[in-house]
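# Fold and contact review
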Amino acid sequence: MARSTLTRTEVLDAAASLVRQHGPAALTMRKLAAELGTAVTSIYWHVGNRESLLDALVERTVEEMGAIRPAGRTPAERILSVARVLRRELRARPHLIAMVHERGLTERMFLPAQQALVHEVHAAGLRGARAADAVRAVQFQVIGFLLVERNRERSPAQSPAESELWDPAEAPHDPPLARALARPADPERLFLLSVRALVHSLLPPAAPAATAARTR
């Protein structure tokens, strides 16, 4: 029995869930109607045709990505928080992000995160081209790390694996390094390590402490 009531938000939620799980190709009006327990005509009534539905999903994704808010006591901490949330949000919706990119809205999607980063590098004392470079360096680091991360996740099983390539017996000059490289990588730890190092290399050394003192 078809549902008697349905909202546009419910339709978009269900459509976004299908895309997140299976990709845009899995999103058909019939499948969406079955997921919602309603008639296909009801879907058309709320969101129009499939292209209109995809456009609505793209717009909503752009809006959701604009909800990133910095957290922390210093510019460095707040920049790191933006980077962490940006990576998390991009990882959570790869198919939707791809749809945003295909429709030429990637730059608009990243604008709120860029604006948050601009605010923090200004708070740290950077201006002009140095500030712009810092903002872009952080953004590129997040995106580049994510691409490498996704590529590693999708790669077939490697033979020989890292654990075989880095046998401590084969690296007598630094056995602890060999043992560390033989263990699986911890993407979260590496991400924080790399972004933290980048941020501290970009910001004036005294800026974080000075800002923290002013806010006490």
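Coordinates for the structure precede this section.
Quick look at the structure, then. As the structure is a prediction and not an experimental result, all values here were calculated from the model.

The rules behind each value
- By convention here, each chain's residues receive numbers from 1 onward along its written sequence.
- Residue-level local features of this predicted model are given only where pLDDT is at least 70; pairs of side-chain atoms are given and counted only at 80 or more, and the full residue set underlies all totals for whole chains, interfaces and linings.
- Side-chain figures throughout are based on the complete set of non-hydrogen atoms in the structure, without hydrogens or water.
- Helix and strand definitions here come from DSSP, where helices need a minimum of 4 consecutive H or I residues and strands a minimum of 2 consecutive E residues; each element is numbered from the N-terminal end.
- Expected helix span is computed as 1.5 Å times (number of residues minus one).
- Note on contacts: a residue pair is in contact if any heavy atoms of the two residues lie within 4.5 Å.
- Only protein atoms enter the 1 Å grid used here. Points where a 1.4 Å probe fits but cannot escape make up a cavity, open sets with protein on both sides within 12 Å along at least five of seven lines make up a pocket, and a residue lines them when an atom lies within 4 Å of a point.
- Grid points are joined across faces, edges and corners, and a volume is the space filled by probe spheres set on the points.
- For this classification, the nonpolar set comprises Ala, Val, Leu, Ile, Met, Phe, Trp, Tyr, Cys and Pro, the charged set comprises Asp, Glu, Lys and Arg, and every other residue, Gly included, is treated as polar.
- Between N-to-C directions, angles cover 0 to 180 degrees, with each direction set by a line fitted to C-alpha atoms, over the stretch in contact for helices.
- When the near helix sits turned anticlockwise from the far one by under a right angle, the crossing is termed left-handed; a clockwise turn instead gives a right-handed crossing.

Below, the discussion takes up helix H1 (residues 8-22). Across its 15 residues, H1 extends 21 Å between first and last C-alpha, which sits within 8% of the 21 Å expected from 1.5 Å per residue. Check the buried side of H1 and you find it contacts helix H2 (29-36), helix H3 (40-47), helix H4 (50-65) and helix H6 (94-102). Just downstream of H1 lies Gly23, where phi reads positive at about 95°.

Now for empty space enclosed by the protein. Unfilled space is identified by rolling a water-sized probe across the atoms. Per the counting criterion, the structure on display carries 1 cavity of 30 Å³ or more. Each pocket or cavity is described by its volume, and for the largest cavity that value is around 30 Å³. Taken together, Ala16, Arg20, Leu57, Arg60, Thr61, Glu64 and Leu96 form the lining of the largest cavity. Elements with a minimum of two residues in the lining of the largest cavity: H1 and H4. Examining the composition of the lining of the largest cavity, we find that 4 residues originate from one element, H4, more than from any other. Class assignment for the residues of the lining of the largest cavity results in 3 nonpolar, 1 polar and 3 charged.

Let us look at the packing of helix H5 (residues 75-92) against helix H8 (residues 128-154). Here H5 crosses H8 at 35°, and the two axes come no closer than 10 Å. Viewed along their axes, H5 and H8 form a crossing whose handedness is right-handed. Together, Ile79, Ala83, Leu86, Arg87, Leu90 and Arg91 of H5 and Val138, Val142, Phe145, Leu146, Glu149, Arg150 and Glu153 of H8 make up the contact between the two elements. Looking at the contact of H5 with H8, its residues break down into 8 nonpolar, no polar and 5 charged.

Turning next to the layout of surface pockets. One number sums up the size of the largest pocket: a volume of about 670 Å³. Lining the largest pocket we find 24 residues, and of these Arg152, Glu162, Arg183, Pro184 and Ala185 sit closest to its centre. When contributions to the lining of the largest pocket are tallied by element, the ones reaching two or more residues are H8, helix H9 (162-165), helix H10 (175-182) and helix H11 (187-202). In terms of residue count, H8 provides more of the lining of the largest pocket than any other element does, 6 residues in total. Of the residues assigned to the lining of the largest pocket, the class counts are 13 nonpolar, 4 polar and 7 charged. Within this model, the second largest pocket holds a volume of roughly 410 Å³. The wall of the second largest pocket is formed by 16 residues, among which Pro94, Ile97, Ile143, Leu146 and Leu147 lie closest to the centre. Among the elements of the structure, H5, H6, helix H7 (106-123) and H8 are those that each provide at least two residues to the lining of the second largest pocket. The element contributing the most residues to the lining of the second largest pocket is H8, with 6 residues. Grouping the constituent residues of the lining of the second largest pocket by class yields 9 nonpolar, 4 polar and 3 charged.

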